[in-house]
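Coordinate inspection notes
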Amino acid sequence: MNLINIEQLTLSYGNVIALKNVSMEINRGEVVTIVGPNGSGKTSLLKAIIGAVHPVEGSISVKPGLKIGYVPQRLNLDPTLPISVGRFMRLTERLDRSTCESYLKKAGVVGLIDQQMSELSGGQFQRVLLARALLGNPDILILDEATQGLDQPGSADFYRQIEEVRKSTGCAVLMISHDLHVVMSSSDRVICLNGHICCCGTPESVIATPEYQELFGSGAGGALALYRHSHDHAHDHSAENSKAIN
Amino acid sequence: MLDDFMTRALLAGIGLALVSAPLGCFVVWRRMAYFGDATAHAAMLGVALSLAIQTDVFFGALIFAIIMAWITTQLSGRNYSMDTLLGVFSHSFLAVGLVIVSFLSGVRIDLMAYLFGDILAVSKSDLSIIWSGTLVVLGLLTWRWKALFLSTLNEQLAYASGFNPTREQLILTISLGITVAVSIKIVGVLLITAMLIIPAAAAGNLVRNPEIMVFSAGVISCISVLLGLRASYIFDTPPGPTIVCIALSIFVLVNLFTALRKLSF
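Residues numbered from 1 in each chain as written. Chains lettered and ligands numbered in written order. Predicted model: local features only at pLDDT ≥ 70, side-chain atom pairs only at ≥ 80, totals over all residues. Heavy atoms only, no water.

1. Quick notes on the overall build of chain A
Counting secondary structure elements, chain A contains 8 helices and 9 strands. Of all 246 residues assigned to chain A, the portion counted as buried reaches 48%. For chain A, the computed accessible surface area is about 12,100 Å², with 51% contributed by carbon and sulfur atoms. (Helix = DSSP H or I, 4+ residues; strand = E, 2+ residues; numbered from the N terminus. Buried < 20%, exposed > 50% of the residue type's maximum accessible area, 1.4 Å probe, protein only. Areas by Shrake-Rupley, 256 points an atom, 1.4 Å probe, with all protein chains shown as cover.)

This is the structure in structure tokens:
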């Protein structure tokens, strides 16, 4: 049986429909990426899978005893909330120190077990969240825009880590992402959402669809333009500086 | 032993300290400071109505504290933000309460006792109510600790671990209602939030793990009660505010200490 089966799912908040008629499944060991513009229902879909919102219509069925490892976007860490990495790892399960360390190592962080969570860098922080999600060896990892706040190389590193985890544990991965180019290459399947499923399939086939082009084509071009612009700007700026020095 | 008013005051104060420390940590972590304040103000309406029908103020305060919390969680995000709603209801409830009290003829009511509390006037039956409330809240928080803490860190994470953050929020709200209700006689409406926040805020600076923060907040609360009562006896000052002043002094000292420690590194 598939890990997760979603049939004709409709979700709404009050009168606002967030998702309509979504059907999809996730198989053992596959990497599925959800892309879509803001407000397209990506997060709502994940929330429905973990049971945080209930379907108005349709159904979500999961394999009996399915273990989910959830990696949130961020934590609400008030400055007055002291918590060490080790304590965070032990929030829901009793673990000895060496087990904790082995999971942290799997997620690519070593020697941080006694650090405060608030003292970690963005990349380290996300890896600790990943390490905690790996506890109990889940059948599927679910990541909600886990690289938000990381720079491009940082998120590329993080996705490589996920890839490694998948290889070593064989778990399935379901993730939402904005970093299209980075994610596309490592996904088995891409689902493009915009209130409903616009298109889905292998990364190459999705990129080629007119629906995807319409949603992201101009956006991707815009990002490139922005990059060029800032590059030009930095160049001009340094030229001005050198003039000033002369 | 309980016949001595100072002993009763001390026991009441320790009861409050034990319950306000862990709850205060959650209030600080979840940034609910204003929420606690609003609940306390709203409880005044409950106090007034209880006096009008001549029952114990505890239940009136409890009911209105919970009503207030319930209204704001239900209504927020629709037309007004939580902040605005809290402002509207807390001060209106307080005002309506004060107006109702002014209509009560025949009974001479010392409202100051409910605004600032009068820990020296705590009776044996008050003491049993305070300690029952304390034990109920401590029981609730211990029982739900893991779920509450996870929901505080991230709601989705809590859902994925099989907890229901909405229910945990309700448990916290009810605990806050009970705490406000039992502490009205001790420190009064205006100082309840202080006893929730100040010890927790002071403790947060000192420690590195959440459970130790709760424990330290408890110790700071108890010290504030002990020293505060002693100081109010010696200097003949009102006990509730004196307790809060001691807590504030500890907060300032802790912050000076941590600032110095950072400098020396």
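After that view, the rundown keeps rolling.
2. A closer look at the interface of chain A and chain B
Often, the extent of an interface is quoted as the loss of accessible area upon association of its parts. Contacts between chain A and chain B engage 26 residues on the former and 23 residues on the latter. Where chain A abuts chain B, roughly 2,200 Å² becomes buried across the two surfaces, and 58% of that area is made up of carbon and sulfur atoms. Counting the surface chain A buries against chain B, the share from its top three residues, T80, P82 and L91 of chain A, is 23%. Linking chain A with chain B are 3 salt bridges. The shortest N-O distance in the salt bridge between R87 of chain A and E211 of chain B comes to 2.4 Å. Looking at the side of chain A that touches chain B, the elements that each hand over two or more residues are α1 (42-50) and α2 (85-89) of chain A. (Contact = heavy atoms within 4.5 Å. Buried area = accessible area lost by both parts, 1.4 Å probe. Salt bridge = Lys/Arg side-chain N within 4 Å of Asp/Glu carboxyl O.)

3. What to know about the sheet that holds strand β7 (residues 172-176) of chain A
All names here are of chain A. On the basis of which strands lie adjacent, the open sheet formed by 6 strands has the order β5-β6-β7-β3-β8-β9 and mixed pairing. Edge positions in the open sheet fall to β5 (68-71) and β9 (197-201), since each of these has one partner strand only. The mean angle between the axes of side-by-side strands here comes to 15 degrees, regardless of whether they run parallel or antiparallel. As paired strands, strand β8 (residues 189-193) and β9 are joined by 4 bridges and run antiparallel to one another. Pairing of V190 across the sheet is with G201, part of β9. Strands β3 (31-35), β5, β6 (140-144), β7 and β8 of the sheet are contacted by α1, whose axis makes an angle of about 145 degrees with β6. (Pairing = 2+ DSSP bridges. Axes fitted to C-alpha atoms, helices over the stretch in contact; angles between N-to-C directions.)

4. Some words on the pattern of salt bridges
Side chains bearing opposite charge may pair, as long as their charged atoms lie close to each other. Residue and element names in this part refer to chain A. Throughout the structure, instances matching the rule amount to 13 salt bridges over all chains. The closest approach of N and O atoms between R166 and D188, which form a salt bridge, is 3.3 Å. Here D188 lies in the loop between α6 (180-186) and β8 and R166 lies in helix α5 (residues 152-169), a separation of 22 residues in the sequence. What makes R166 buried here is its relative accessible area of 17%. Owing to a relative accessible area of 35%, D188 belongs among the partly exposed residues under this scheme. Taken together, the shared-partner salt bridges connect E25, E30 and R189 into one network.

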